[in-house]
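The residues making up each chain are set out below.
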Amino acid sequence: MTAIELHGVTKQFADVTAVDDLDLAVEEGEIYGFLGPNGAGKSTTINMVLDLVRPTTGNVTVLGRDATADSVEIRRRTGVLPEGFSVYNRLSGRKHVEFAIESKGIDAEPETLLERVGLSAEAWDRKAGGYSKGMCQRLALAMALAGEPELLILDEPSSGLDPAGAKEMREIVRAEADRGATVFFSSHVLGQVEAVCDRVGILRDGELVAEDSIEGLRDAVGGEETLDIETAGVDEDALESVRALDGVSQVVRVEGSDRIRVNCANDVKTRVIATLEDAGVGVSDFHTEEASLEDLFLAYTEGDSASPRVGDDDEETAGGPADGDDAEEADGTDETDPTATAEEVDR
Amino acid sequence: MSLPAVAKKDLQDTVRSRAMVVLVVLFSALVSVMAYAVRPAGEGQGFETEILLSFFVGPILVTTLVPLVAVVIGYNAVSGERESGSLKLLLSLPHSRADVVFGKVIGRAAALSLAIAVGFLVPAVVLIAIPVAFNPGAFLGYTVFAMILGCVFVSIAVGCSAAASTQRQALIGGIGIYFVFVLLWGTLTGQLLGAFESVIDPLPVSLIQVQTFLEVANPNTGIQELANAFLADQLFAGETRNQQISASAMLVFWALAPPLVGLLKFDRDDL
């Protein structure tokens with residue numbers, strides 16, 4: 001069964017088309033990253049899945065049920081971390097989680113959930129109005145995780161979290177997937193997506209412009225990597241054994257030196273090095289050159305006009321503008337966050 | 001399952017609001033002061049709880065302040081959450097939009113009832129302390145009528161809040177409710193009657209009957225009608241029996257219709 005299925009879904013707001021004839025299928029058990037710059041229509045799509053917004057045309061099916069008619073039943077089986085939400089300022093964190101437990105009609109310990117999302121115990125009984133953005137994000141995640149939902153829908157989950165918090169978020173996402181849950185999350189930050197997703201879809205101006213695994217996308221953009229290896233001396237046999245590896249397309253020895261250049265897929269880099277070492281070749285240094293994920297992302301979302309930018313940071317976590325205004329979101333004029341992740345050149 | 005959860009959460013949230021506390025204290029103080037001020041100078045003869053309530057506290061305080069407090073705590077019930085974004089958190093849980101609207105009506109009505117009970121507590125103490133013929137039964141009964149009035153106005157205000165797309169619309173709606181029901185009802189219905197006189201004339205009802213109906217159709221007048229009948233030991237009896245029945249029916253109408261109409265709009269909206 002597919003966990004989330006959209007068929008020819010269009011959402012027209014007064015003067016903009018936020019989502020345009022979108023087909024999307026999220027398989028049960030997978031982690032699906034929903035990517036796109038701010039304003040691409042990600043939140044509108046998620047809001048249609050949650051029945052906060054109704055499609056102008058098309059069908060949305062969640063867990064085999066109609067998103068509008070069976071919305072309550074769907075949400076009973078789904079954990080949701082919304083985007084651009086606010087907490088109840090006058091209620092404590094504990095009260096929030098208790099409310100979620102009561103609403104879902106389940107039996108769970110609020111403390112266990114609060115602990116799991118890393119909200120410190122001294123904050124549990126404080127009014128949530130005094131929480132930071134990151135704490136609110138953790139609190140809403142605790143509410144979403146209550147009751148071991150079959151499906152988790154996380155809209156920009158890392159916004160407001162620091163790098164450590166974003167890492168914890170990814171670990172929770174992975175743990176939930178291991179438990180058997182389907183995870184659908186949106187992001188405009190590539191680093192988060194690459195690290196956890198089985199599959200990603202890239203949305204641009206309300207249309208899905210790409211859908212594949214990260215490796216698949218990289219290949220599609222011609223983003224094969226080049227591994228530049230400095231050896232202590234290499235022979236033809238060793239090169240042959242590298243050529244024989246799956247995912248290696250080209251192996252060249254740089255004229256007049258012991259350096260070799262290997263064109264290969266991202267995930268065979270370590271095998272290339274290991275194969276060389278097994279063949280008795282001393283590897284003194286190596287680095288990779290690749291189309292960074294940032295370039296990849298821009299190639300899809302901004303076409304050829306994009307000027308590649310290289311970020312200097314592994315995690316982008318400050319979060320983009322968290323406005324939930326669909327009309328504004330839909331106009332697509334927001335720029336991609338310039339601090340978004342680029343893959344590191346050295347590994 | 002879902003409705004009580006929303007109502008309970010909303011009650012907890014509302015009783016923690018500072019505006020609520022301030023209004024309760026103000027209301028309580030005013031009733032106490034009034035009870036003390038209109039106490040008889042000399043002999044306590046003829047001054048009874050019933051008179052205090054039906055001539056002073058009722059018309060001057062309850063019918064003006066209770067609707068005000070109800071509108072203040074009700075007008076932003078749904079629209080406020082919509083604007084702040086906490087509605088997204090609420091609807092991320094398995095609640096229908098009907099659960100949201102009616103949960104809020106119940107939660108806030110409960111909060112207001114609690115506030116009214118507390119608000120009448122201090123004046124009761126004052127009445128016991130000053131030497132008047134204090135009738136606890138009448139006082140308690142009157143408190144219940146004040147609560148009913150509060151709940152009806154909460155319903156109207158929450159219904160309006162559910163229909164509003166923005167907090168601004170909801171505020172205008174709230175002010176409108178107060179003006180229409182509390183300040184301008186007589187004028188408006190008078191105008192209406194004048195305009196439709198020729199329409200009503202051929203109908204088998206007299207102008208007076210229509211006028212009386214319009215009067216008790218206002219929850220404010222209706223509750224006074226009922227409360228006064230109660231204080232006079234004439235509840236659903238005596239000359240005004242039919243008026244009292246109309247008034248009761250209209251109170252039920254106002255408690256149900258506005259949230260339903262509000263829900264109709266809220267249910268169709270993109271949030």
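Residues numbered from 1 in each chain as written. Chains lettered and ligands numbered in written order. Predicted model: local features only at pLDDT ≥ 70, side-chain atom pairs only at ≥ 80, totals over all residues. Heavy atoms only, no water.

Across its full length, chain B holds 12 helices and zero strands. Along chain B, from the amino end to the carboxyl end, the secondary structure elements read α-α-α-α-α-α-α-α-α-α-α-α. Since a compact globule built from 271 residues should have a radius of gyration of about 18 Å, the 20 Å found for chain B is in line with a globular shape. With respect to the principal axes defined by its C-alpha atoms, chain B has extents near 65 × 55 × 30 Å. For chain B, the residues scored as buried account for 51% of the 271 residues in total. Sequence separation of 24 or more characterises 80% of the internal contacts of chain B that already satisfy a separation of 6 or more. For chain B, the accessible area works out to roughly 12,200 Å², and carbon and sulfur atoms hold 69% of it. Placing the 14 positive and 17 negative side-chain charges of chain B at their respective mean positions leaves the two points 16 Å apart. (Helix = DSSP H or I, 4+ residues; strand = E, 2+ residues; numbered from the N terminus. Rg over C-alpha atoms; globule rule 2.2 N^0.38 Å. Buried < 20%, exposed > 50% of the residue type's maximum accessible area, 1.4 Å probe, protein only. Contact = heavy atoms within 4.5 Å. Areas by Shrake-Rupley, 256 points an atom, 1.4 Å probe, with all protein chains shown as cover. Lys, Arg positive; Asp, Glu negative; His and termini not counted. Charge placed at Lys NZ, Arg CZ, Asp CG, Glu CD.)

A few words now on the packing of aromatic side chains. Residue and element names in this part refer to chain B. Counting across every chain of the model gives 10 aromatic pairs over all chains. Pairing F120 with Y142 gives two aromatic rings, centres 6.3 Å apart and planes at 75 degrees, and the pair type is edge-to-face. Here the residue F120 occupies a position in helix 6 (residues 97-129), and Y142 occupies one in helix 7 (residues 136-163), the gap between them amounting to 22 residues. Among the residues examined, F120 registers a relative accessible area of 2% and is labelled buried. (Phe/Tyr/Trp six-rings, centres within 6.5 Å; stacked < 30°, edge-to-face > 60°.)

All names here are of chain B. Between helix 1 (residues 2-15) and helix 6, the least distance of the axes is 7 Å, while the angle of their chain directions is 45 degrees. Relative to helix 6, helix 1 is oriented oblique. Once helix 1 is placed against helix 6, the crossing between them reads as right-handed. Contacts between helix 1 and helix 6 involve S2, L3, V6, A7, K9, D10, L11, T14 and V15 on the former and, on the latter, D99, V100, F102, G103, K104, I106, G107, R108, A110, A111 and L114. Residues of the contact of helix 1 with helix 6, tallied by class, amount to 11 nonpolar, four polar and five charged. (Axes fitted to C-alpha atoms, helices over the stretch in contact; angles between N-to-C directions. Parallel < 35°, antiparallel > 145°, perpendicular 65-115°, else oblique. Left-handed = near helix turned anticlockwise from the far one by under 90°. Nonpolar A, V, L, I, M, F, W, Y, C, P; charged D, E, K, R; others polar.)

This next bit is on a negative patch on the surface. Residue and element names in this part refer to chain A. A cluster of acidic side chains, namely D20, D21, D23, D205 and E207, defines a negative patch on the protein surface. Considering each element in turn, the negative patch owes the most residues, three residues, to strand 2 (residues 17-27). Mapped onto the elements of the fold, D205 is located in the loop between strand 9 (199-204) and strand 10 (207-212). (Patch = residues over 30% accessible without salt bridge, like charges linked within 9 Å, V, L, I, M, F, W, Y side chains within 5 Å. Salt bridge = Lys/Arg side-chain N within 4 Å of Asp/Glu carboxyl O.)

What follows concerns a nonpolar patch on the surface. Residues and elements named next belong to chain B. Side chains of L171, I175, F179, V180, L183, L184 and L188 sit close together on the surface and give an oily, nonpolar patch of about 560 Å² of accessible area. If you tally residues by element for the nonpolar patch, the top one is helix 8 (residues 167-183), at five residues. Turning to its location among the elements, L184 is positioned in the loop between helix 8 and helix 9 (185-200).

One frequently used descriptor of interface size is the decrease in accessible area upon assembly of the parts. Taken together, the contact pairs 31 residues of chain A with 29 residues of chain B. Interface area for chain A against chain B, summed over the two sides, is near 2,800 Å², with a carbon-plus-sulfur share of 58%. Three residues stand out in chain A for area buried against chain B, namely L52, Y88 and R90 of chain A, and they jointly supply 25% of the buried area on that side. Inspection of the chain A/chain B interface yields three salt bridges. A salt bridge links K8 of chain B to E102 of chain A, with the nearest nitrogen and oxygen atoms 3.0 Å apart. If you look at where chain A meets chain B, you find 18 residue pairs in polar contact (both at pLDDT 80 or more). Of all the secondary-structure elements, those providing two or more residues to the side of chain A that touches chain B are helix 2 (71-76), helix 3 (93-104) and helix 5 (133-145) of chain A. For the side of chain A that touches chain B, the leading source of residues is helix 3 of chain A, giving seven residues. Residue classes in the side of chain A that touches chain B are distributed as 14 nonpolar, six polar and 11 charged. (Buried area = accessible area lost by both parts, 1.4 Å probe. Polar contact = N/O pair within 3.5 Å; in protein donor to acceptor, adjacent residues only side chain to side chain.)

Bringing helix 5 of chain A into the picture now. In this model helix 5 of chain A runs 18 Å from its N-terminal to its C-terminal C-alpha over 13 residues, within 8% of the 18 Å that 1.5 Å per residue would give. Counting buried positions over the 13 residues of helix 5 of chain A gives 12, a clear majority of the element. Those residues of helix 5 of chain A that sit buried are G134, M135, C136, Q137, R138, L139, A140, L141, A142, M143, A144 and L145 of chain A. Packing partners of the buried residues in helix 5 of chain A comprise strand 6 (78-81), helix 3, helix 4 (110-116), strand 7 (151-155) and helix 6 (163-179) of chain A together with helix 5 (86-91) of chain B. G147 of chain A, located one to two residues past helix 5 of chain A, shows a positive phi value of around 85 degrees. (Expected span 1.5 Å × (residues − 1).)

Here we come to the sheet that holds strand 12 (residues 248-253) of chain A. Residues and elements named next belong to chain A. Taken in spatial order, the four strands of this open sheet run 12-13-11-14, and their pairing is antiparallel. The open sheet has two edge strands with one neighbour each: strand 12 and strand 14 (283-289). In this sheet, neighbouring strand axes are inclined to one another by 20 degrees on average, regardless of whether the strands run parallel or antiparallel. Bridge count between strand 11 (residues 225-231) and strand 13 (residues 259-264): six bridges; the pairing is antiparallel. Each bridged residue has a counterpart across the sheet, and for D228 the counterpart in strand 13 is R261. Sheet strands in contact with helix 9 (residues 236-243) are strand 12 and strand 13, and its direction is about 160 degrees off that of strand 12. Sheet strands touched by helix 10 (residues 269-278): strand 11, strand 12, strand 13 and strand 14. Its angle to strand 11, the strand with the most contacts, is close to 25 degrees. (Pairing = 2+ DSSP bridges.)

This brings us to the environment of P123 of chain B. With respect to the element layout, P123 of chain B can be found in helix 6. A sequence separation of 56 residues divides P123 of chain B from F179 of chain B, and the C-alpha atoms of the two residues are 28 Å apart.

Moving on: the pairing of strand 10 of chain A. Residue and element names in this part refer to chain A. Sheet analysis places strand 9 next to strand 10, joined by five bridges and oriented antiparallel. Counterpart to V200 in the pairing with strand 10 is D212. Taking the residues that link successive antiparallel strands as the turn, the strand 9-strand 10 hairpin has two residues, and the phi of D205 there is positive, at about 45 degrees.

Counting 150 residues, the largest nonpolar core has I4, V62 and F184 of chain A together with V62, F120 and F266 of chain B as the members making the most contacts within it. Take this core: its biggest share by element is 13 residues, from helix 7 of chain B. The residues contacting F184 of chain A, other than those within four sequence positions of it, are I4, L24, V26, Y32, F34, I46, L152, I153 and L154 of chain A. One finds A238, V251, V262 and C264 of chain A within the second-largest nonpolar core, a separate group that totals 18 residues. (Core = buried A, V, L, I, M, F, W, Y, C linked by side-chain atoms within 4.5 Å.)

Backbone hydrogen bonds are what pair the strands of a sheet, in a parallel or an antiparallel way. Residues and elements named next belong to chain A. What the four strands build is an open sheet, ordered 2-1-4-5; its pairing is antiparallel. Taken across any chain shown, the strands that pair with only one partner, and hence form the sheet edges, are strand 2 and strand 5 (65-66). Both strand 1 (residues 2-12) and strand 4 (residues 57-62) contribute to a ladder of five bridges, which runs antiparallel. By the bridge assignment, I4 is partnered in strand 4 with V62.

Purely geometric stuff here, so don't read any function into it on its own.
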